[in-house]
Amino acid sequence: HLLQRVFSRADVEQHNTTEAGIWVIRGDKVYDITEFVQNHPGGASKIMLAAGKSVDPFWRVYQQHLGNEAVEELLREMQIGVLDPKDAEGLAGEVDPADPFAREPATHPALSVHYAKPVNAEIPPSLLMDSWITPNELWYVRHHHPVPMEAIDDDAELGLDLSVAVGGGGEKEAQRIRLSLEDLKRDFEKKKVVATMQCGGNRRGGLNGVDGTKGTSWDVGAISNAEWAGVPLAALLTRAGVDSPEAAERMGIKHVQFESHDGMLASIPIEKALNPYGDAIVAYEMNGEPIPRKNGYPLRAIVPGFVGVRNVKWLKSITLSSEESEGPWQRGMNYKVFSPSVKDLNGVDIASVPTIQEQPVQSVIVSPADGERIEVIEGEELEIRGYSWSGGGRGVIRVDVSVDGGKTWHTAKLGEGSNQNPNRAWAWTFWEATVPAPALKGGEAGTKVDICCKATDYAHNCQPETPDSIWNLRGLNNNSWHHVKVVLED
Ligand code: HEM
């Protein structure tokens with residue numbers, strides 16, 4: 001029987017374009033959805049994310065498909081065969097004990113993977129703004145090392161070491177306090193904070209057009225938003241005997257250092273940790289669940305308004321110190337922004353350059369997509385949507401959108417996130433603009449339009465016009481006006 005034709009996963013993978021036909025797997029069955037793609041109620045761009053792959057991980061996020069009779073009926077009509085049992089989930093080969101990445105949680109197939117080991121993966125624009133809170137599975141992933149699986153296997157062993165280390169190692173051991181996961185959940189207030197995290201390299205790809213940079217060529221999806229819950233960092237400092245700015249000053253404490261089970265070292269200034277309006281926490285929950293392993297289980301430092309790397313995953317210890325953390329991510333060049341004229345680090349005094357903590361104001365166009373062809377009628381309007389955010393909790397007060405490359409501007413309507421306290425706006429603000437479409441030139445080629453946006457934050461900082469003026473060797477903090485080029489057709 002036709003429906004019993006057996007396909008390998010490799011067969012299915014080759015069918016991921018309209019030309020080759022578009023196939024997907026659901027459970028152990030294979031479907032040809034080529035004809036359905038354009039009629040998909042969730043849009044062609046979404047369903048195409050699963051082309052050549054299994055839809056199951058996507059439907060864990062979009063659960064309206066599960067147990068839905070309309071979906072089942074469609075599937076019955078489109079089935080063309082079954083998956084070779086050899087390729088079924090969980091039988092995909094032996095685990096190589098020598099591979100430090102072998103036991104890692106799978107990366108969601110919707111993410112665009114820049115590197116698999118360690119995982120560096122971002123959210124594609126078509127999913128970025130589906131919900132203001134990013135589902136855990138779709139969070140961008142930026143690991144520096146393998147996920148520390150062995151170190152966090154035994155729940156009984158998990159917890160946090162707190163210590164004060166000023167003026168030498170001896171004191172550190174003397175003041176060490178051990179708190180188990182249970183202690184943290186039982187003995188401290190549970191505080192919630194909604195915070196957006198952005199990788200220091202988000203939009204690095206836009207700087208590579210100016211000159212080469214060192215690092216992953218991220219597009220606009222190295223940013224995500226979650227509701228975190230855990231212990232206020234200030235309460236842990238109080239437990240360690242540092243309950244006020246005066247106490248910190250007396251003890252010579254200037255930095256809060258985080259160390260993780262994967263070897264990450266990063267620190268934040270004591271002012272942020274002690275600020276009652278700073279909202280820093282040690283989180284044990286992400287969107288109402290224990291933090292997933294790939295996002296830092298069991299404990300993660302959440303430093304709202306600070307660059308992603310300071311939000312240390314798999315947190316093992318906190319040390320209060322007179323010094324910043326050691327290591328390339330704090331004191332080395334990795335997260336330092338040099339002048340555009342610095343093309344190599346010969347003769348550069350790296351130590352004198354501060355590392356990134358708070359980030360600058362940012363905004364990005366998520367729809368339409370770059371390169372999209374859009375049908376419009378003369379005199380109609382264009383719908384433009386995007387996200388905006390600024391470091392340090394500075395709320396976004398305005399987003400301007402242009403459809404003529406920045407000559408004239410339209411003010412966007414701020415949406416979800418715009419009701420945050422502008423001094424504690426840790427989460428992103430979505431925006432949309434309805435703008436008269438530019439005059440069409442007609443003809444086969446259509447009309448090329450350069451759409452761009454820029455945001456202004458509560459301190460009236462705004463985004464620089466060009467990437468040229470902020471290009472830097474490591475490709476960090478690209479917040480130049482974001483452009484998408486589209487073609488209008490009538
Ligand atoms: C909605 C079918 C794959 C995302 C729907 C609906 C159907 C459907 C029938 C309407 C559900 C309802 O409202 O009752 C299918 C089929 C697929 C497929 C047959 C593949 C065989 C996907 C994939 C994604 C996705 C891979 C995501 C990456 C969505 C979304 C909606 C939706 C977001 C909701 C649209 C809205 O509420 O406006 N799909 N889908 N679908 N689908 Fe799919």
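Along each chain, the written sequence defines residue order, and numbers are assigned to residues from 1. Restriction of local features to residues with pLDDT of at least 70 applies here, the model being predicted, together with a cutoff of 80 or more for giving and counting side-chain atom pairs; totals for whole chains, interfaces and linings are based on all residues. Note that water and hydrogens are dropped before the side-chain values are worked out from all heavy atoms of the structure.

## A closer look at the coordination of the iron atom of the ligand
Any N, O or S atom lying within 2.8 Å of the metal counts as a donor, with the limit raised to 3.2 Å for Na, K and Ca; because water is left out of the atom set, some sites can appear incomplete. For the iron atom of the ligand, the full set of protein donor atoms is H40 (NE2) and H65 (NE2), at a range of 2.0 Å. Key to geometry: four donors with every angle between 85 and 135 degrees are tetrahedral; four donors are square planar and six octahedral where opposite donors lie over 155 degrees apart and all remaining angles lie between 65 and 115; all other sites are irregular. Relative to the metal, the 6 donor atoms surrounding the iron atom of the ligand lie at angles of 88 to 179°, and the coordination shape comes out octahedral. Remark: H65 occurs in the loop between α3 (56–61) and α4 (69–78) and H40 occurs in the loop between β4 (29–32) and α2 (44–47); sequence separation between them is 25 residues. Each helix is a run of DSSP H or I of at least 4 residues and each strand a run of E of at least 2, with the numbering of both proceeding from the N terminus.

## Some words on the sheet that holds strand β14 (residues 265–269)
For two strands to be treated as a pair, DSSP must find at least two bridges joining them. Ordered by their spatial adjacency, 5 strands build an open sheet running β10-β9-β18-β13-β14, and the pairing between neighbours is mixed. Two strands in the sheet have a free side with no partner beyond their single neighbour: β10 (177–180) and β14. Direction aside, neighbouring strands of the sheet carry axes that sit 20° apart on average. Alignment of strand β9 (residues 159–165) against β10, held across 4 bridges, turns out to be antiparallel. Helix axes are fitted to C-alpha atoms over the stretch in contact, other axes to C-alpha atoms as well, and angles between N-to-C directions run from 0 to 180 degrees.

## Concerning a negative patch on the surface
A cluster of acidic residues, E380, E381, E383 and E432, forms a negative patch on the protein surface. Take E381: it is sitting in strand β21 (residues 381–389). A residue counts toward a patch only above 30% relative accessible area and without a salt bridge, and it is joined to like-charged neighbours within 9 Å or, for Val, Leu, Ile, Met, Phe, Trp and Tyr, to nonpolar neighbours within 5 Å. Working definition of accessibility: Shrake-Rupley area with a 1.4 Å probe, residue cover restricted to the visible protein chains. Here, a salt bridge means any side-chain nitrogen of Lys or Arg that lies within 4 Å of a carboxyl oxygen of Asp or Glu. Note on charges: Lys and Arg go in the positive column, Asp and Glu in the negative column, and His and the chain ends are not counted at all. Throughout, a charge is located at the NZ atom of Lys, the CZ atom of Arg, the CG atom of Asp or the CD atom of Glu.

## Observations concerning the side chain of R474
Its place among the elements puts R474 in the loop between β26 (447–457) and β27 (482–489). Here R474 occupies a buried position and makes no salt bridge, while the nearest side chain of opposite charge, D211, is found at 13 Å. Between buried and exposed lies partly exposed: a residue is buried under 20% and exposed over 50% of the maximum accessible area for its type, with that area taken using a 1.4 Å probe on protein chains only.

## A closer look at the domain arrangement of the chain
All the domain ranges listed were derived from an automatic or database domain assignment. What the domain assignment reports for the chain is domain 1 (2–87), domain 2 (150–352) and domain 3 (362–489). Computed over C-alpha atoms only, the centres of domain 2 and domain 3 are separated by 31 Å. By definition, residues are in contact when any of their heavy atoms lie within 4.5 Å. With 41 residues of domain 2 at the contact, the number on the domain 3 side is 29 residues. When two parts are brought into contact, each loses some accessible area as probed by a 1.4 Å sphere; the total of that loss over both is the buried area. Buried area between domain 2 and domain 3, both sides added, is near 3000 Å², and the carbon and sulfur share of it is 59%. Counting across the domain 2 and domain 3 interface gives 1 salt bridge. R424 is the salt-bridge partner of D279, the closest N and O atoms lying 2.9 Å from each other. In the analysis that follows, any N or O atom pair within 3.5 Å is treated as a polar contact, provided that within protein one partner can donate a hydrogen and the other can accept it, and provided that, for residues neighboring in sequence, both atoms belong to side chains. Taken together, the links from domain 2 to domain 3 amount to 18 residue pairs in polar contact (both at pLDDT 80 or more). At 5 residues, the largest contribution of residues to the side of domain 2 that touches domain 3 is made by strand β11 (residues 191–198). As a working rule, the residues Ala, Val, Leu, Ile, Met, Phe, Trp, Tyr, Cys and Pro are called nonpolar, Asp, Glu, Lys and Arg charged, and the rest polar, with Gly in that last group. Each residue belonging to the side of domain 2 that touches domain 3 can be placed in one class, and the counts come to 17 nonpolar, 15 polar and 9 charged.

## Remarks on empty space enclosed by the protein
Buried and open spaces are told apart on a 1 Å grid over the protein atoms alone, a cavity being a set of points where a 1.4 Å probe fits but cannot get out and a pocket being an open set with protein on both sides within 12 Å along at least five of seven lines. Residues with an atom within 4 Å of a point are the lining residues. Grid points are joined across faces, edges and corners, and a volume is the space filled by probe spheres set on the points. Taken as a whole, this structure holds 2 cavities of 30 Å³ or more when the rule is applied. The wall of the largest cavity is formed by 21 residues, among which R142, H144, R300, G308 and K313 lie closest to the centre. By volume, the second largest cavity is sized at about 40 Å³. Along its surface, the second largest cavity is lined by E104, P105, A106, T107, V119, V141, H143, V147 and K294. Along the lines of polarity and charge, the residues of the lining of the second largest cavity split into 5 nonpolar, 2 polar and 2 charged.

## Some remarks on the pattern of salt bridges
Per the counting criterion, the structure on display carries 24 salt bridges. Salt-bridge contacts for K86 lead to D84; the nearest nitrogen and oxygen are separated by 3.6 Å. By relative accessible area, which is 63% here, K86 ends up exposed. Because the salt bridges share partners, they merge into one network encompassing R103, E150, D153 and R293.

## Concerning the site of the ligand
Near is defined per residue: the residue qualifies when any heavy atom it owns lies within 4 Å of the molecule or strand. Near the ligand lie 18 residues; those nearest to it are H40, K46, Q64, H65 and N68. In the environment of the ligand, a nitrogen atom lies 2.8 Å from a nitrogen or oxygen atom belonging to the side chain of H40. Cavities and pockets are treated as containing a molecule whenever more than half of the molecule's atoms lie within 2 Å of their grid points. The cavity that encloses the ligand is the second largest pocket. Ranked by the residues each element gives to the shell around the ligand, the list is headed by α4, at 3 residues.

## Re unusual backbone geometry
In this chain, K117 is followed by P118 through a cis amide linkage whose omega measures -10°. Note that P118 resides in the loop between β6 (112–116) and β7 (119–122). A cis amide bond, omega 5°, links Y297 with the succeeding residue P298. Here P298 lies in the loop between β16 (289–290) and β17 (300–302). We note that D279 has phi near 60°; this positive angle belongs to a residue other than glycine. The phi dihedral of W314 falls on the positive side, at around 45°, and the residue is not glycine. Residue classification places W314 among the buried residues on the basis of a relative accessible area of 1%.

## Regarding the layout of surface pockets
What the largest pocket holds in volume is close to 930 Å³. For the lining of the largest pocket, the secondary-structure elements that each account for two or more residues are α1 (9–13), α3 and β6. Each of domain 1 (2–87) and domain 2 (150–352) gives at least three residues to the lining of the largest pocket. Space inside the second largest pocket adds up to approximately 470 Å³. Lining the second largest pocket are 22 residues, and of these F36, H40, I47, W59 and H65 sit closest to its centre. Broken down by element, the lining of the second largest pocket gets its largest block of residues, 5 residues, from α4. A breakdown of the residues in the lining of the second largest pocket according to their chemical character gives 16 nonpolar, 5 polar and 1 charged.

## Digging into the pairing of strand β19 (residues 362–367)
Counting buried positions along β19 yields 5 of 6 residues, so the element is predominantly enclosed. Where β19 lies against β21, 5 bridges are found, and the strand directions are antiparallel. Paired with I365 across the strands is G386, a residue of β21.

## Structural notes on the sheet that holds strand β8 (residues 141–142)
Here we have 3 strands laid out as an open sheet, ordered β6-β7-β8, and antiparallel in their pairing. Looking at strand neighbours, the two that pair on one side only are β6 and β8, the edges of this open sheet.

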